[in-house]
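The residues making up each chain are set out below.
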Amino acid sequence: MPGMDRKAVTLRERWLRIDARPTVGEVAPTTRLAGVPLVARHVRLAARLAFRGAVVVVETPARAAVERVLAAYPAPAGFAVEVVGSPVDDDRPFVAVRAAELHSREVLAAAQAGESPPPVIRLGGAAQLSAAEDRLFGDVKKSLDADGIVSYFFMRPLARVATRILVGTRVSPNQVTLAAMAFGLAASFVVARGVALAPAAAALLWLGAAIDHIDGDLARLRLESSRLGEWLDTTADDVSTFSFLAGLGVGIHGDGGGELWLLLGVGGALVGVLCAVTQYRDLYRLGLPIDTARYPWFFGTPAESDAPRRGVLSLTFYATTFLFRRDVFITVIALTAAFGALRAAASLLAVGVAVLAVLLVVHKLVEAFTPGRTPAGTS
């Protein structure tokens, strides 16, 4: 590409050229890594890094196999993919990689046209494939700040075992999300039968929350994240939580509790749904991920702050934020219900919904009386 200013080539103008012609000591381009064939993994990564397209160079005998793989693991709609029999020699700005390599997102995104960025691992056999998969699992592991105490130390390790089993199957992240929601709904129906089945309902609720950790890891490992998945994941969490509150109200009422408990459970669930819909609308309007844990509250999100946590007061406030995460809250509700204290569980959930509703009202007032304010988490 003589005469081309490589620095002037923007990300969206570059093409990823994937050399899928295996050499001695390399695995085949159709070999699967974390559930996705290598050649398809490069195409999906290029699409997510906003490359303009991908060109796959493959020898004629293997062309049909590569094309079948790319058809079975398609790139996102609108992303151009070409399969050719020899290196393309034209004026398009290419970044060149080999299919039998694992590349860092950051390094690949920063590569200039005409470059061949250094791989993290060259894949020459089973040992390298295993190391590459371990690297991918390490990359998707969340920090304690992002995950929460119960998630990080209990739910995530359990979910990781299931993720390793499922990553090589055709089970989709959205199917796992629906399974997690099914556990939550089942817990709600069971607890609605009363205190006799409360331990079973508590176990279903907690297991549903643990299963919910699998879908995100699967999506990141396979490069299958989507806007639909974001919506479904957040909606499933809220459906499980608010339906359980309604189930508690019905169960307590059926065990002889007064009408007030039925109103608290069902009414609290409806208020929770209204709050969730308000948050969804705001997140969508601001172009943020559909994740209520990342809602741009007027007071910010202390756990995500880059500021150093120094001093007793700062550390105490930081530690307290973990108590209001969904993983801790669901665990407390599940334990309370497991011991038959359904009224205490319903009261805790109702208080949580009330706090959320009050915070949203205050948030909207702050927005109304501070025009031009930039919401936290936006730019």
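Residues numbered from 1 in each chain as written. Predicted model: local features only at pLDDT ≥ 70, side-chain atom pairs only at ≥ 80, totals over all residues. Heavy atoms only, no water.

## A look at the overall build of the protein
The secondary structure content of the protein amounts to 13 helices and eight strands. Taking all 379 residues of the protein together, the buried fraction comes to 45%. Pairs at least 24 residues apart make up 74% of the contacts formed inside the protein by residues separated by at least 6 positions. Taken as a whole, the protein presents about 18,700 Å² of accessible surface, with 64% of it coming from carbon and sulfur. (Helix = DSSP H or I, 4+ residues; strand = E, 2+ residues; numbered from the N terminus. Buried < 20%, exposed > 50% of the residue type's maximum accessible area, 1.4 Å probe, protein only. Contact = heavy atoms within 4.5 Å. Areas by Shrake-Rupley, 256 points an atom, 1.4 Å probe, with all protein chains shown as cover.)

## Some points on the confidence of the model for the protein
When pLDDT is averaged along the protein, the result is 89, and 89% of the positions lie at 70 or above. Confidence scores differ between elements of the protein, with helix α11 (residues 312–322) showing the lowest mean pLDDT of 64 and helix α7 (residues 173–191) the highest of 97. Low confidence marks residues 1–9, where pLDDT is under 50. Its contacts with residues over four positions away, or in another chain, come to 19 contacts. (pLDDT = per-residue confidence, 0-100.)

## Description of the layout of surface pockets
For the second largest pocket, the calculated volume is near 370 Å³. Forming the walls of the second largest pocket are 17 residues, and the residues nearest its centre are H103, R105, L136, D139 and L223. For the lining of the second largest pocket, the elements supplying multiple residues, two or more each, are α1 (38–48), β7 (101–102), α3 (105–110), α4 (126–140) and α8 (198–222). Element by element, the count of residues in the lining of the second largest pocket is highest for α4, at four residues. When its residues are assigned to classes, the lining of the second largest pocket shows seven nonpolar, three polar and seven charged. (1 Å grid on protein atoms, 1.4 Å probe; cavity = no way out; pocket = protein on both sides within 12 Å on 5 of 7 lines; lining within 4 Å. Points joined across faces, edges and corners; volume = space filled by probe spheres on them. Nonpolar A, V, L, I, M, F, W, Y, C, P; charged D, E, K, R; others polar.)

## Describing a nonpolar patch on the surface
A cluster of nonpolar side chains, namely L144, I149, F153 and F154, defines an oily patch on the protein surface of about 380 Å² accessible area. Take the nonpolar patch: its biggest share by element is three residues, from helix α6 (residues 149–166). Here F153 lies in helix α6. (Patch = residues over 30% accessible without salt bridge, like charges linked within 9 Å, V, L, I, M, F, W, Y side chains within 5 Å. Salt bridge = Lys/Arg side-chain N within 4 Å of Asp/Glu carboxyl O.)

## Focus: the side chain of H103
When you line up the elements, H103 lands in the loop between β7 and α3. For H103, a relative accessible area of 8% gives the class buried. Discounting chain neighbours no more than four positions away, the residues touching H103 are H42, L45, V97, P117, P118, P119 and V120.

## Some points on empty space enclosed by the protein
For the structure shown, the criterion picks out one cavity of 30 Å³ or more. Roughly 70 Å³ of internal volume is contained in the largest cavity. Lining the largest cavity we find A180, M181, G184, L205, G208, A209, D212, A236, D237, S240 and R326. Breaking the lining of the largest cavity down by element, the ones donating at least two residues are α7, α8 and α9 (227–254). For the lining of the largest cavity, the element with the highest residue contribution is α8, accounting for four residues.

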